[in-house]
Amino acid sequence: MDIQSCVEVRNEWDIVSARQLGRNMAKELGFGNVDQARITTAISELARNIYLYAGNGKICIQPIDQLGKKGLKIIALDSGPGIRDIRRVMEDGYTTSGGLGAGLPGVKRLMDEFSIESTVDVGTEINATKWLR
Amino acid sequence: MRIPILKLHEYLLITIQVELDDQTALQFQEDLLSKIHDTGAKGVVIDLTSVDMIDSFIAKVLGDVVRMSKLMGAQVVLTGIQPAVAITLIDLGISMREVPTALDLEQGLDKLRLELEG
C-alpha cells in the first residue's frame with residue numbers, strides 16, 4: 001500500500017491544496033484530531049519553504065505500512081538552491097526570511113521521524129513520518 | 001475571498017470560517033485596520049473556533065494584526081483556539097505570548113469590557 005499522492009507547489013494556493021490533501025489522507029488513515037492538525041501544519045510549513053526558497057517543487061503524501069505499523073509519510077522535494085548548512089537550519093530560531101515559516105525544527109517536533117538531504121544548487125528532499133498510535 | 005467584519009456597538013467581531021490562504025489572511029489584516037479606522041472601534045474579537053490549523057504564517061499574520069490594531073488604539077482578543085491548534089502551535093515553537101486570548105466569544109467580550117472600562 002504505497003500509493004503516493006502529490007501536489008505541485010508553485011504558488012500560495014498550492015500550499016492550501018497540499019495541506020488539504022494531507023488532512024484528508026490523515027483522516028482516512030484514522031489519525032485523531034490532534035495528529036491531523038500536526039500533519040496538516042507540518043505540510044503547510046514544508047510547502048511554504050518550497051514556495052519561499054525554491055520557487056517550485058512538490059509535496060507527496062504516502063500511507064505506509066511497515067509490518068502492521070501504519071503511518072503517513074510526507075515527502076517534500078524541490079530542485080531549488082539547496083541548503084548550505086543543514087545544522088544551522090535545524091537550530092530553533094534560525095531564519096533567512098524574517099520569521100516566515102517556523103522552520104524545520106518545528107516540523108521535526110510535529111512529526112515522529114524526520115530526515116533531510118540537500119545538495120547545494122541541486123535541491124532538497126525532506127522526509128517526515130507520523131505513526132498511527 | 002474576504003472575511004466579514006461585524007460591528008457591535010464599539011466592538012468589531014470576526015469569526016474566521018474559511019480555510020485561510022496567505023492572500024485571504026493578508027487581505028483580512030488590511031480590512032480590519034481600515035474598519036477600525038472607519039468605525040473608531042475600541043475592541044476587536046477574532047474568533048477562531050472553526051479554524052482547524054494555524055501554521056507559522058497565519059500565526060504571524062494574527063500576531064501582527066493584534067500589534068497593528070494596538071498601534072491604532074484598539075484592543076484585540078483571539079478566542080476559541082481549538083485544543084489541537086494550541087498543541088500544534090506549541091509544538092511548532094510559537095507561543096503567541098503577547099497576544100490576548102480567551103476561551104470563547106463571551107469571555108473575549110468580557111475581557112475587552114474589563115480592559116476598556118476598568
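What counts as what
- Residues numbered from 1 in each chain as written.
- Chains lettered and ligands numbered in written order.
- Predicted model: local features only at pLDDT ≥ 70, side-chain atom pairs only at ≥ 80, totals over all residues.
- Contact = placed C-beta atoms within 7 Å.
- Helix = DSSP H or I, 4+ residues; strand = E, 2+ residues; numbered from the N terminus.
- Nonpolar A, V, L, I, M, F, W, Y, C, P; charged D, E, K, R; others polar.
- Pairing = 2+ DSSP bridges.
- Axes fitted to C-alpha atoms, helices over the stretch in contact; angles between N-to-C directions.

- An unreviewed UniProt entry lists chain B under the name RsbT antagonist protein RsbS, from Fictibacillus aquaticus.

- Chain A has the name ATP-binding protein in an unreviewed UniProt entry, where Fictibacillus aquaticus is given as its organism.

1. Overview of the interface of chain B and chain A
- In this assembly, 18 residues from chain B lie in contact with 22 residues from chain A.
- The set of elements that each furnish at least two residues to the side of chain B that touches chain A consists of helix 1 (22–39), helix 2 (56–72) and helix 3 (83–92) of chain B.
- A total of six residues in the side of chain B that touches chain A trace back to one element, the largest contributor, which is helix 3 of chain B.
- Split by residue class, the side of chain B that touches chain A holds seven nonpolar, four polar and seven charged.

2. Thoughts on the environment of serine 79 of chain A
All names here are of chain A.
- Among the secondary structure elements, serine 79 is positioned in the loop between strand 3 (69–78) and helix 3 (86–89).
- A C-alpha to C-alpha distance of 7.7 Å links serine 79 and aspartate 121, two positions 42 residues apart in sequence.
- Sequence-distant contacts of serine 79, defined by excluding residues within four places in its chain, comprise Ala54, Gly57, Val122 and Gly123.

3. So, the sheet that holds strand 5 (residues 123–131) of chain A
All names here are of chain A.
- Judged by pairing direction, the sheet is antiparallel, and its five strands sit side by side in the order 1-2-3-5-4 without closing on themselves. If you trace the sheet from one side to the other, it starts and ends with strand 1 (5–9) and strand 4 (113–119), each paired once. Strand-to-strand twist across the sheet, computed as the mean angle between neighbouring axes with direction ignored, equals 15°.
- This element, helix 1 (residues 12–29), spans strand 1, strand 2 (57–66) and strand 3 of the sheet and lies at about 165° to strand 1.
- Strands strand 1, strand 2, strand 3 and strand 5 of the sheet are contacted by helix 2 (residues 33–54), whose axis makes an angle of about 15° with strand 3.

4. A few points about the sheet that holds strand 5 (residues 101–102) of chain B
Residues and elements named next belong to chain B.
- The five strands lie next to each other as 1-2-3-4-5, forming an open sheet whose pairing is mixed. For this open sheet the edge positions go to strand 1 (6–8) and strand 5, each flanked by a neighbour on one side alone.
- Bridge analysis of strand 1 against strand 2 (residues 11–15) gives three bridges, and the strand direction is antiparallel. Along strand 2, the bridge assignment pairs leucine 8 with tyrosine 11.
- Across the sheet, helix 4 (residues 105–117) is in contact with strand 2, strand 3 (43–47), strand 4 (75–79) and strand 5; its angle to strand 4 comes to roughly 160°.

5. What to know about unusual backbone geometry
- Despite not being glycine, leucine 67 of chain A shows a phi value in the positive range, around 50°.
- Along the chain, leucine 67 of chain A falls in the loop between strand 2 and strand 3.
- One non-glycine residue, methionine 96 of chain B, lies in the positive phi region at around 45°.
- For methionine 96 of chain B, the position within the fold is in the loop between helix 3 and strand 5.

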